[in-house]
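Observations on chain architecture
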Amino acid sequence: MTAPIRILGIDPGSVVTGYGIVDTDGRRSTHVDSGCIRVRGEDLPARLGHILTAVTELVGRHQPQVMAIEQVFVSRNAASALKLGQARGAAICAAVQGGLSVAEYAPRSIKQAVVGTGAADKTQMQHMVTMILGLAAKPAADAADALAVALCHAHTQATLSRLPAGYVRRSR
């Protein structure tokens, strides 16, 4: 990966959706923007519409080439997992409408790429994102998680670009 790219990282949530935008050349990543979308709406469809609109605005404002998003993890509460999946769907739709490719990463893979262990907690994620990007202050937890998703994609693509052609079989 030699030409710089802009990555939009998304940490989806039906109440708070974190976003983080980085520029990377495959060796160094720099912070562009990050924050939290505080989802508004009386019911789930309204909240999903808010996520769609907010992510669409981010894509229009920052012009990323790719969106990286955290995959759904199924915990004890199936209803929460379904809402999270729907929030992901709204963000993915915004990216696709904006012409972006979408990469998905498991939570453990993101933690491994950024902290070095798949069992890292939110405080460790905030610390490492702050250090890697040279931020003056720690971002909010959801924004840090979104920046971590973007950094995971940057690190993964940098590694894949160093492998011989045909070494990695891509599934689509």
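The present account deals with the structure reproduced in this document. (Residues numbered from 1 in each chain as written. Predicted model: local features only at pLDDT ≥ 70, side-chain atom pairs only at ≥ 80, totals over all residues. Heavy atoms only, no water.)

**Quick look at the overall build of the protein**
On a plain count of helices and strands, the protein comes out with 5 helices and 5 strands. Helices (α) and strands (β) of the protein occur, in sequence order from the N terminus, as β-β-β-α-β-α-β-α-α-α. Considering the protein as a whole, with its 172 residues, one finds that 44% of them fall into the buried category. Considering only intrachain contacts with a sequence separation of at least 6, the fraction spanning at least 24 residues in the protein is 56%. Of the roughly 9,200 Å² that the protein leaves accessible, carbon and sulfur atoms contribute 52%. (Helix = DSSP H or I, 4+ residues; strand = E, 2+ residues; numbered from the N terminus. Buried < 20%, exposed > 50% of the residue type's maximum accessible area, 1.4 Å probe, protein only. Contact = heavy atoms within 4.5 Å. Areas by Shrake-Rupley, 256 points an atom, 1.4 Å probe, with all protein chains shown as cover.)

**So, the nonpolar core**
Counting residues in each nonpolar core, the largest one holds 22 residues, and the members touching the most others are Leu-8, Ile-10, Ile-37, Ile-51, Val-55 and Met-67. Where this core is concerned, the elements lending two or more residues are strand 1 (5-11), strand 2 (16-24), helix 1 (44-62), strand 4 (66-70) and helix 2 (78-97). Residues within four places of Ile-51 in sequence aside, it is in contact with Gly-13, Thr-17, Val-39, Ala-87, Ala-90 and Ala-91. Within the second largest apolar cluster, 21 residues are counted, among which are Ala-68, Leu-135, Leu-151 and Ala-154. (Core = buried A, V, L, I, M, F, W, Y, C linked by side-chain atoms within 4.5 Å.)

**Things to note about the pairing of strand 4**
Among the 5 residues of strand 4, 5 are classified as buried, and the element is accordingly described as predominantly covered. Alternating positions in strand 4 separate into two faces, Val-66, Ala-68 and Glu-70 on one and Met-67 and Ile-69 on the other, with burial throughout. Sheet topology places strand 4 next to strand 5 (residues 101-105); 5 bridges connect them, and they run parallel. What sits directly across from Glu-70, in strand 5, is Tyr-105. (Pairing = 2+ DSSP bridges.)

**Here we look at the sheet that holds strand 1**
Spatial strand order, 3-2-1-4-5: 5 strands in an open sheet with mixed pairing. Of all the strands in the sheet, the pair left with one neighbour each is strand 3 (29-38) and strand 5. For this sheet the average axis-to-axis angle between neighbouring strands, irrespective of direction, equals 20°. Relative to strand 4, strand 1 is paired through 4 bridges, and the arrangement is parallel. (Axes fitted to C-alpha atoms, helices over the stretch in contact; angles between N-to-C directions.)

**Let's talk about unusual backbone geometry**
A positive phi angle, close to 55°, is found at Gln-63, a residue other than glycine. When you line up the elements, Gln-63 lands in the loop between helix 1 and strand 4.

**Regarding the environment of Glu-70**
Relative to the helices and strands, Glu-70 resides in strand 4. What makes Glu-70 buried here is its relative accessible area of 14%. Remark: the alpha-carbon pair of Glu-70 and Ala-106, spanning 36 residues in sequence, is separated by 6.0 Å. Residues contacting Glu-70, with those up to four places away along its chain left out, are Ile-10, Asp-11, Pro-12, Arg-88, Tyr-105, Pro-107, Ile-110 and Val-149.

**Here's the deal with the packing of helix 3 (residues 107-114) against helix 4 (residues 122-133)**
At a closest axis distance of 10 Å, the pairing of helix 3 and helix 4 adopts a crossing angle of 50°. The orientation of helix 3 with respect to helix 4, classified from their angle, is oblique. The hand of the helix 3/helix 4 crossing is left-handed. On helix 4, the residues touching Ile-110, Lys-111 and Val-114 of helix 3 are Met-125, Met-128, Val-129 and Ile-132. (Parallel < 35°, antiparallel > 145°, perpendicular 65-115°, else oblique. Left-handed = near helix turned anticlockwise from the far one by under 90°.)

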